[in-house]
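Architecture at a glance
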Amino acid sequence: MTAEEHNHTRVPERRNYRLRPDARVIGWREWLAIPEWEIARIKAKIDTGARTSSLHADGLHYFTRGGVEMVRFKVHPHQRSTRNTVTVEAAIVDKRVVRSSNGEEDLRPVVQTHVELHGVCWPIEVTLARRKLMGFRMLLGREAMWDRFIVDPTRSFLGGQPCMPFDGHEPEIKPRRRVKRGAAAAKPAKTELHIAEQ
């Protein structure tokens, strides 16, 4: 089960909403760009089981600037690689308790930024966490997808590459190929579209 965000001071999640006419279909994993932080692309898991998005961050350093609580941290956008490091400074907009699937709770800072996916750029909130040992450096949660996207869990990278210029230094890591055995190999998989859970 995916970790859930718990925050008792926030407005409850919206249950009734209308999907935008221009809503686009995305897969269970996608390439994102974070222009404000000069991250040309980062591979993210599209996680309808998590309320808030999450980003792997190293070396968190808290400080105050002009009366605003800030955090400085490092981002390694590329999976299985620390060669490229981006140092970011951002204002803390909230702190939330996150409970993992094994029941452990962790208080994480929340920052705001803009992400680009499928030709769309919009603001989101992300919690900063240690995701070094996880399969993805970023999770895109429900709040970020509300009324914008339809998720097809059988497909990947439907949004293509971000429009932000890319320096080309990321090592290409091909996804592992799953081999179907027996009768299942002869039957094509059925594709079902699911609206991201609200």
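Reference entry: report on the structure contained in this document. These numbers come from a predicted model, not from an experiment.

For the protein chain, the count of helices and strands is one helix and 13 strands. Across the protein chain, helices and strands are ordered from the amino to the carboxyl terminus as β-β-β-β-β-β-β-β-β-β-β-α-β-β. In the protein chain, buried positions account for 42% of the 198 residues. Restricting to contacts in the protein chain with at least 6 residues of sequence separation, those with at least 24 account for 65%. Roughly 12000 Å² of accessible area belongs to the protein chain as shown, and the carbon and sulfur atoms make up 50% of that amount.

Relative to strand β8 (residues 86–99), strand β7 (residues 68–75) is paired through six bridges, and the arrangement is antiparallel. Its bridge partner being in β8, R72 is matched across the sheet by E89. Where β8 and strand β9 (residues 105–117) come together, seven bridges link them in antiparallel fashion. Paired with V98 across the bridge in β9 is D106.

Considering all chains together, one arrives at four aromatic pairs under this definition. Taken together, a centroid distance of 5.8 Å and an interplanar angle of 80° make the contact between W28 and F136 edge-to-face. Of the two residues, W28 is situated in the loop between β2 (24–26) and β3 (29–34) and F136 in the loop between β10 (120–129) and β11 (138–140); the sequence distance between them amounts to 108 residues. Cation over ring: R41 sits above W31, and NZ or CZ is 4.5 Å from the ring centre. One Lys or Arg, R72, reaches over the ring of F63 and ends 4.6 Å from the middle of that ring.

Summed over the entire model, instances satisfying the criterion amount to eight salt bridges. Two residues, D58 and R130, come together in a salt bridge whose shortest N-O distance is 1.9 Å. Residue D58 is found in strand β6 (residues 58–65), and its partner R130 is found in the loop between β10 and β11; the two are separated by 72 residues along the sequence. Exposure remark for R130: the relative accessible area of 60% places this residue in the exposed category. K95 is the salt-bridge partner of E69, the closest N and O atoms lying 3.1 Å from each other. Taken together, the residues E69 in strand β7 and K95 in strand β8 connect sequence positions 26 residues apart.

Quick look at the pairing of β9 now. Two strands pair when backbone bridges link them, and β9 and β10 are joined in this way by eight bridges, in the antiparallel orientation. Bridge assignment links V110 to a residue of β10, and that residue is T127. Taking the residues that link successive antiparallel strands as the turn, the β9-β10 hairpin has two residues, and the phi of H118 there is positive, at about 60°.

Here the phi dihedral of E38 falls at roughly 60°; this positive angle occurs in a residue that is not glycine. Along the polypeptide, E38 turns up in the loop between β3 and β4 (39–46). In this structure, F157 takes a positive phi of about 55° despite not being glycine. Looking at the element boundaries, F157 is found in the loop between β12 (149–151) and β13 (194–195).

Conventions used here
- Residues numbered from 1 in each chain as written.
- Predicted model: local features only at pLDDT ≥ 70, side-chain atom pairs only at ≥ 80, totals over all residues.
- Heavy atoms only, no water.
- Helix = DSSP H or I, 4+ residues; strand = E, 2+ residues; numbered from the N terminus.
- Buried < 20%, exposed > 50% of the residue type's maximum accessible area, 1.4 Å probe, protein only.
- Contact = heavy atoms within 4.5 Å.
- Areas by Shrake-Rupley, 256 points an atom, 1.4 Å probe, with all protein chains shown as cover.
- Pairing = 2+ DSSP bridges.
- Phe/Tyr/Trp six-rings, centres within 6.5 Å; stacked < 30°, edge-to-face > 60°.
- Lys NZ or Arg CZ within 6 Å of the ring centre and 35° of its normal.
- Salt bridge = Lys/Arg side-chain N within 4 Å of Asp/Glu carboxyl O.

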